[in-house]
Amino acid sequence: MVRLITHNLLACHAKGCTSNNFPLAFSNVQIEIREAEFNPEFLKNFIPKVEWNALVDTARQLGDTSLPLEQPEMLDEEFLKSLHHVLLEIHVEEGVMTCPNCKHEYPISNGIPNMLLAEHEIG
Amino acid sequence: MFFKYLIVFAQAHHEFRIPELQSVAKIHGFDISLPEGEIETDRPFMIVGLQSENHARQLAAIYEFYAQGSTYEEVHVQNRANQALWSRYKLNTSFKFFVTAFNHKLPQTQQRQVVESFSYTDFMGKIDMKNPDIVLGCFEEYVEKKGMIRDRHDDHGQFRQVYLGRWIEELGSARVLIKTFDVKKRNYFGNTSMESEVSLLMANQTLASPGKLIYDPFLGTETMAYPAAYFGAQVLGSDIDGRQMQGKGSDRAPDLILYNYTGHLLTFDITHNPWRCGGLFDAIVTDPPYGVRASAKRLGRKKDSVPKGWRCISNIEAILAHDSPYIPPTKPYELSNLAV
């Protein structure tokens, strides 16, 4: 159940990897769409925390182009609905997340990303 | 303006009483005025001030306060003085009057005497024990005498304080949730799953409500996450060991449906966490690992556990080739190192 909301909060944390380590890039993904309850209040609270460019780029990578490149100032219903879909309904079930800097690979299996580092990678 | 209300607390977790009241008031956006001075949280009754009866409905076991005293004479005097509060129920209102005692058992005859002593209130409506329009409650509070031998009829009437009030029907008590979230009813739980009442109390402390993002860094079997999600918050959780979160096969599925739960799960060691910078979460709620049954672990190999033949951990290629799939080793960790 890696949703884009989670993905938007994750950066690579391997030893020595401190810059250009966000966002992680998806590859070999299996996607499942699962409906979730629409909650505009949550989205409004969450919008200030979103890294917008990372979210849009990742959504496009996964084939969803409903979000505008620039974060709109007006939050209309239609925009919130597409944001809801992108953040909470796209589930990456299987695949790999790769750090853009050190190329460390974080596998996702059964929907749970494994962010554990091997013993030589911890700082 | 504040009106006085009497709260009859549940007899468990009394340290949580005041914080719980404050967070419920905060979630529902109303003010509550607590008694001045030091509050004895282990006493079961408390008089608080609320601005309207609608606010009181958000709380459970709450009574419109009429009178209190250390003797019935004091109560009657005060109750007569507060006649304005109850005189509107004199005509055409069916009622029920009950007397109960805390730390004591009142015999029927004495209960009856107490009820009769309020005959001056002159309620004309009919007495209805099943579906009354109003319920009046009288509570005697006795000093706890645990472990002391005493005669059955000792102490009758020697109470510490007595309270009188009219019951206010709550909109929905969260106490039923204690049963809903009962660990024993789950299909899937672990040996250190948190007991449901405490997990609900803790979820309320985080002000969990729709619109919040709440994180649990020691997710385990997700006991802390279920109530927070139930109150409408989005829940993110992580654990160093992904197996407990995942369950075996479809073990967890019925629970997830029961609690209408969708959490976001991750596997990592909180002492090496991958969160990017920025204030990401509204609250963190967790049951951290301590003690023997679930001890704290972090990534790393114990010095003496490097297998023979490998000179040092830096020979990582050999280790990776040997353990396939590679599962990073963990070592014990002092919880006190984690607490700030």
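Residues numbered from 1 in each chain as written. Chains lettered and ligands numbered in written order. Predicted model: local features only at pLDDT ≥ 70, side-chain atom pairs only at ≥ 80, totals over all residues. Heavy atoms only, no water.

An unreviewed UniProt entry annotates chain A as Trm112p-domain-containing protein originating from Dendrothele bispora. Quoted verbatim from the Subunit (unreviewed entry) field of UniProt, the annotation for chain A is "Interacts with TRM9." In its Sequence similarities (unreviewed entry) section, the UniProt record describing chain A reads: "Belongs to the TRM112 family." (UniProt positions renumbered as here; feature names shortened; annotations may be inferred.)

Chemist: Explain the sheet that holds strand β5 (residues 95-102) of chain B to me, please; I cannot follow it from the model alone.
Modeler: Strand pairing in a sheet is mediated by backbone hydrogen bonds. Such pairs are either parallel or antiparallel. Residue and element names in this part refer to chain B. Strand order in the open sheet formed by seven strands is β2-β3-β1-β4-β7-β6-β5, and the pairing between neighbours is mixed. Of all the strands in the sheet, just β2 (32-33) and β5 have a single pairing partner and so form its edges. In this structure, β5 lies alongside strand β6 (residues 134-141), joined through eight bridges in parallel fashion. Following the sheet pairing, Phe97 is matched in β6 by Leu136. (Pairing = 2+ DSSP bridges. Helix = DSSP H or I, 4+ residues; strand = E, 2+ residues; numbered from the N terminus.)

Chemist: Just checking my understanding: could you explain helix α7 (residues 196-205) of chain B for this structure?
Modeler: All names here are of chain B. Of all 10 residues in α7, eight are buried; the element is thus mostly enclosed. Within the span of α7, buried status applies to Ser196, Glu197, Val198, Ser199, Leu200, Leu201, Ala203 and Asn204. On its buried side, α7 packs onto α1 (17-28), α6 (176-180) and α8 (225-230). Note on α7: the residue one or two positions beyond its end, Leu207, has a positive phi of about 60°. (Buried < 20%, exposed > 50% of the residue type's maximum accessible area, 1.4 Å probe, protein only. Contact = heavy atoms within 4.5 Å.)

Chemist: How should the pattern of salt bridges be read in this particular structure?
Modeler: Note that side chains of opposite charge can pair when their charged atoms are close. Overall, the coordinates contain 13 salt bridges over all chains when judged by the stated rule. Measuring nitrogen to oxygen at the nearest pair gives 3.5 Å for the salt bridge that ties A:Lys49 to B:Asp282. Taken together, the positions of A:Lys49 in the loop between α2 (40-46) and α3 (52-61) and B:Asp282 in the loop between β10 (264-267) and β11 (283-284) put the pair across two chains. Take A:Lys49: its relative accessible area is 15%, and that puts it in the buried class. B:Asp282 gets classed as partly exposed once you look at its relative accessible area, which sits at 38%. Of the charged contacts in the structure, one is a salt bridge between B:Glu116 and B:Arg112, with a shortest N-O distance of 4.0 Å. Taken together, the residues B:Glu116 and B:Arg112, both in helix α5 (residues 108-117) and four residues apart, mark about one turn of the helix. Take B:Glu116: its relative accessible area is 47%, and that puts it in the partly exposed class. (Salt bridge = Lys/Arg side-chain N within 4 Å of Asp/Glu carboxyl O.)

Chemist: What is the right way to read the pairing of strand β1 (residues 3-8) of chain B from this model?
Modeler: Across a regular strand the side chains alternate sides, sitting on one face of the sheet and then on the other. All names here are of chain B. Pairing of β1 with strand β3 (residues 45-50), which is carried by six bridges, proceeds in the antiparallel orientation. Of the residues in β3, the one forming a bridge with Leu6 is Ile47. Examined bridge by bridge, β1 and strand β4 (residues 62-69) share three bridges and lie antiparallel to one another. Paired with Ile7 across the bridge in β4 is Ile62.

Chemist: Got a minute to help me understand the sheet that holds β11(B) in this structure?
Modeler: Spatially, the four strands line up as an open sheet ordered β10-β9-β8-β11 (chain B), and their pairing is parallel. Among the strands making up the open sheet, the edge pair consists of β10 and β11 of chain B.

Chemist: Which parts of the structure should I look at to understand the nonpolar core?
Modeler: Nonpolar side chains in soluble globular proteins generally cluster together in the buried interior. Counting residues in hydrophobic clusters, the biggest one holds 47 residues, and the most contacted among them are A:Leu55, A:Leu83 and B:Trp275. When residues of this core are traced back to their parent elements, those giving at least two are α1 (4-7), α2, α3, α4 (77-89), β3 (90-98) and β4 (105-109) of chain A together with β8 (213-216) of chain B. The leading source of residues in this core is α4(A), at six residues. (Core = buried A, V, L, I, M, F, W, Y, C linked by side-chain atoms within 4.5 Å.)

Chemist: Hey, could you run me through the packing of aromatic side chains in this one?
Modeler: Centre distance and the angle of the planes are the two values used to describe a pair of aromatic rings. Scanning all chains against the criterion turns up 20 aromatic pairs over all chains. Summarising the aromatic geometry, the rings of B:Phe95 and B:Phe123 are spaced 5.2 Å apart at their centres and angled 80° between planes, so their arrangement reads as edge-to-face. Taken together, the residues B:Phe95 in strand β5 and B:Phe123 in the loop between α5 and β6 connect sequence positions 28 residues apart. Neither residue differs from the other here; B:Phe95 and B:Phe123 are each classed as buried. Here the aromatic residues B:Phe45, B:Tyr63, B:Phe98, B:Phe102, B:Phe139 and B:Tyr163 are joined through ring pairs into a cluster of three or more. Against the face of A:Phe38 rests A:Lys81, its NZ or CZ located 5.1 Å from the ring centre. In this structure, B:Arg80 is placed above the aromatic ring of B:Tyr120, and the distance from its NZ or CZ to the ring centre is 3.9 Å. (Phe/Tyr/Trp six-rings, centres within 6.5 Å; stacked < 30°, edge-to-face > 60°. Lys NZ or Arg CZ within 6 Å of the ring centre and 35° of its normal.)

Chemist: I would appreciate a short explanation of the packing of α3(A) against α4(A) in the present structure.
Modeler: Packed helices, taken two at a time, are described by the angle their axes make and the gap between the axes. Residues and elements named next belong to chain A. Running from N to C, α3 and α4 cross one another at 70°; their axes reach a closest spacing of 11 Å. With respect to α4, the element α3 is oriented roughly perpendicular. Together, Trp52, Leu55 and Ala59 of α3 and Phe79, Leu83, Val86 and Leu87 of α4 make up the contact between the two elements. In the contact of α3 with α4, the residues fall into seven nonpolar, no polar and no charged. (Axes fitted to C-alpha atoms, helices over the stretch in contact; angles between N-to-C directions. Parallel < 35°, antiparallel > 145°, perpendicular 65-115°, else oblique. Nonpolar A, V, L, I, M, F, W, Y, C, P; charged D, E, K, R; others polar.)

Chemist: Would you take a moment to explain unusual backbone geometry for this structure?
Modeler: Outside of glycine, negative phi angles account for most residues, and trans bonds account for most peptide bonds. Along the chain, A:Phe22 connects to A:Pro23 via a cis peptide bond; the corresponding omega equals -5°. Its place among the elements puts A:Pro23 in the loop between α1 and β2 (25-33). Look at A:Lys103: it is not a glycine, yet its phi comes out positive at around 65°. Position of A:Lys103 among the secondary structure elements: in the loop between β3 and β4. Despite not being glycine, B:Ala61 has its phi angle at roughly 50°, a positive value.

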